[in-house]
Amino acid sequence: MSAHRSPFSARWLAAGGAAVLAGILGVAMLLTNGGSACAAPPSTTQKSGKATFYDLAGTSGNCSFEVPADDLYVALGPSEYSEGASCGAYLDVTGPKGKVRVKVFDSCPECPAGHIDLSRTAFKKIGNEIDGIIPIKYKLVTNPSTPAGISVRIKEGASQYWFAARIDNHANLLSKVQVASGSGSFKTAHRTDYNYWLIDAGAGPGPFKIKITDVYGNTATVSGIKMSPGTVQKTSTRITGGSTTVTSAEKATTPTAKATTSPAAKTAKSAAPAASATTTTPLTESATAPSADPTPADQPLVDLAAAEGAPSSC
């Protein structure tokens, strides 16, 4: 019999369960760690564990991403989901039948550390579906390739007085997102557990420059991001590290259709973008990476927990 997540396998957050999830995560971490919350994203050091699989009930996981085109994604338990800090990173997972690379897409509230929940497609690449649960080894991938450049989605309900944006295709774990409107100065956003970066007092009317920094110190800045809630704004800029410096500039394309998503209250969890949401290509600026050669992917480059402001040991 195939293994499925229950009772949380349905994407119950779509009904506004973000606050409920926050409570569950807090209680789970308190119970697991004797009263002290302790969470950190997966490490680049390989660890052993087990994997199950589930079928997504809805169009979006807790990271608020659209389902990857290859259907290869993973949900992590509260400690490794780390209140959204793992969202958008990639894991290499090795099972009885081989290896698969999956994107961190969702949370699994009932999964302890070491238990990951794969999409059915990913599970079948490394194990027999009939087994339901399989032994695995997995690790965080350093500087993975992404299917496209960085994209930005401004959340429904956002305005010049309340800023919220989701960043996708950033490859590595993110440590900081800063936003500037027009020629104004940068303001630092804070991340939510549903993977939107917020500035509660707002960032202005736009257009915005958004500076993204990952845990290895790689940075990229995208410009021309419009205050267009519900629209996925695509760029050609990539942040993946290495020894090169990439500078690109291209004009924004004219939108071909208007977004049809209705604004929602800013406290509600983000729903998936409407199918007719416009995709634009904003002007992009430089993406820089350290001049030193990157450390091999199987060795930690930094203390990831410390980089995210979480305890370094659990």
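Residues numbered from 1 in each chain as written. Predicted model: local features only at pLDDT ≥ 70, side-chain atom pairs only at ≥ 80, totals over all residues. Heavy atoms only, no water.

**Quick look at the nonpolar core**
Here comes step 1: If you look at the biggest cluster of nonpolar residues, it comprises 34 residues, and the most contacted ones within it are V74, L91, V93, V102, I116, L118 and I136.
Here comes step 2: Residue assignment for this core shows that the elements contributing at least two residues are β1 (47-54), β2 (73-76), β3 (90-95), β4 (98-107), β5 (115-119), α3 (120-126) and β6 (134-140).
Here comes step 3: For L118, the residues in contact, after removing those within four places along its chain, are A51, T52, F53, Y54, Y73, V74, V93, V102, F123 and I126. (Core = buried A, V, L, I, M, F, W, Y, C linked by side-chain atoms within 4.5 Å. Buried < 20%, exposed > 50% of the residue type's maximum accessible area, 1.4 Å probe, protein only. Helix = DSSP H or I, 4+ residues; strand = E, 2+ residues; numbered from the N terminus. Contact = heavy atoms within 4.5 Å.)

**Describing the environment of N172**
Here comes step 1: With respect to the secondary-structure elements, N172 resides in the loop between β8 (163-168) and β9 (174-181).
Here comes step 2: Here N172 falls in the buried class, since its relative accessible area comes to 2%.
Here comes step 3: Linking N172 and C87, residues 85 residues apart in sequence, is a C-alpha distance of 9.4 Å.
Here comes step 4: Here the side chain of N172 touches N143 through a polar contact of 2.8 Å, side chain to side chain. (Polar contact = N/O pair within 3.5 Å; in protein donor to acceptor, adjacent residues only side chain to side chain.)

**Comments concerning the confidence of the model for the chain**
For residues with low pLDDT, the predicted coordinates do not support detailed interpretation.
Here comes step 1: Taken over all residues, the pLDDT of the chain has a mean of 75, while the share at 70 or more is 64%.
Here comes step 2: Note that pLDDT drops below 50 for residues 1-37; the model gives that stretch 70 contacts with residues more than four away or on any other chain.
Here comes step 3: Under a pLDDT of 50 for its full length, residues 241-314 has, in the predicted model, 167 contacts with residues more than four places off or in other chains. (pLDDT = per-residue confidence, 0-100.)

**Overview of the state of the cysteines**
Here comes step 1: For the structure on display, the rule yields two disulfides.
Here comes step 2: Covalently, C63 is tied to C87 through a disulfide, its sulfur atoms 2.1 Å apart. Linking C63 and C87, the disulfide has an S-S dihedral of approximately -80° and is accordingly described as left-handed. Here the residue C63 occupies a position in the loop between β1 and β2, and C87 occupies one in the loop between α2 (78-81) and β3, the gap between them amounting to 24 residues.
Here comes step 3: Residue classification places C63 among the buried residues on the basis of a relative accessible area of 0%.
Here comes step 4: Among the residues examined, C87 registers a relative accessible area of 3% and is labelled buried.
Here comes step 5: In this model, C108 is linked to C111 through a disulfide, with the two sulfur atoms separated by 2.0 Å. Between C108 and C111 the sulfur-sulfur dihedral comes to about 60°; the bridge is accordingly right-handed.
Here comes step 6: Under the relative-accessibility criterion, C111 is labelled buried at 3%. (Disulfide = S-S within 2.5 Å.)

**Here's the deal with the sheet that holds β5**
Here comes step 1: Strand order in the closed barrel formed by six strands is β1-β5-β2-β4-β3-β6, with mixed pairing between adjacent strands. In this sheet, neighbouring strand axes are inclined to one another by 45° on average, regardless of whether the strands run parallel or antiparallel.
Here comes step 2: Where β1 and β5 come together, five bridges link them in parallel fashion. Within the sheet, the bridge partner assigned to F53 lies in β5 and is L118. (Pairing = 2+ DSSP bridges. Axes fitted to C-alpha atoms, helices over the stretch in contact; angles between N-to-C directions.)

**Looking at unusual backbone geometry**
Here comes step 1: At the junction of G206 and P207, the peptide bond is cis and its omega measures out at -5° in the coordinates.
Here comes step 2: By the element assignment, P207 lies in the loop between β12 (197-199) and β13 (208-214).
Here comes step 3: Even without glycine at this site, D71 takes up a positive phi of about 65°.
Here comes step 4: Within the fold, D71 resides in the loop between β1 and β2.

**Some points on the pattern of salt bridges**
Here comes step 1: Within the structure shown, the criterion is met by eight salt bridges.
Here comes step 2: We note a salt bridge from E80 to K47, for which the minimum N-O separation is 3.6 Å. Here E80 is found in helix α2, whereas its partner K47 is found in strand β1, with 33 residues between them in sequence.
Here comes step 3: E80 sits in the buried class, given a relative accessible area of 5%.
Here comes step 4: Of the charged contacts in the structure, one is a salt bridge between E129 and K124, with a shortest N-O distance of 3.8 Å.
Here comes step 5: Its relative accessible area of 28% is what places E129 among the partly exposed residues.
Here comes step 6: One network of salt bridges, with partners in common, ties together D55, R120, K124 and E129. (Salt bridge = Lys/Arg side-chain N within 4 Å of Asp/Glu carboxyl O.)

**Brief notes about the pairing of β1**
Here comes step 1: In terms of strand pairing, β1 meets β6 through five bridges, oriented antiparallel. Among the inter-strand pairings, S48 is bridged to a residue of β6, identified as K137.

**Concerning the pairing of β9**
Here comes step 1: Of all the eight residues making up β9, six are buried; the element is thus mostly covered by neighbouring parts of the structure.
Here comes step 2: Across seven bridges, β9 lies against β13 in antiparallel orientation. Bridged to L174 within β13 is D214.
Here comes step 3: Judged from the two bridges that link them, β9 and strand β10 (residues 187-188) form a sheet pairing that is antiparallel. Across the sheet, the residue bridging to V179 is K187, located in β10.
Here comes step 4: In textbook terms, the turn of a hairpin is the stretch between consecutive antiparallel strands, and for β9 and β10 this stretch comprises five residues, one of which, G182, has a positive phi near 60°.

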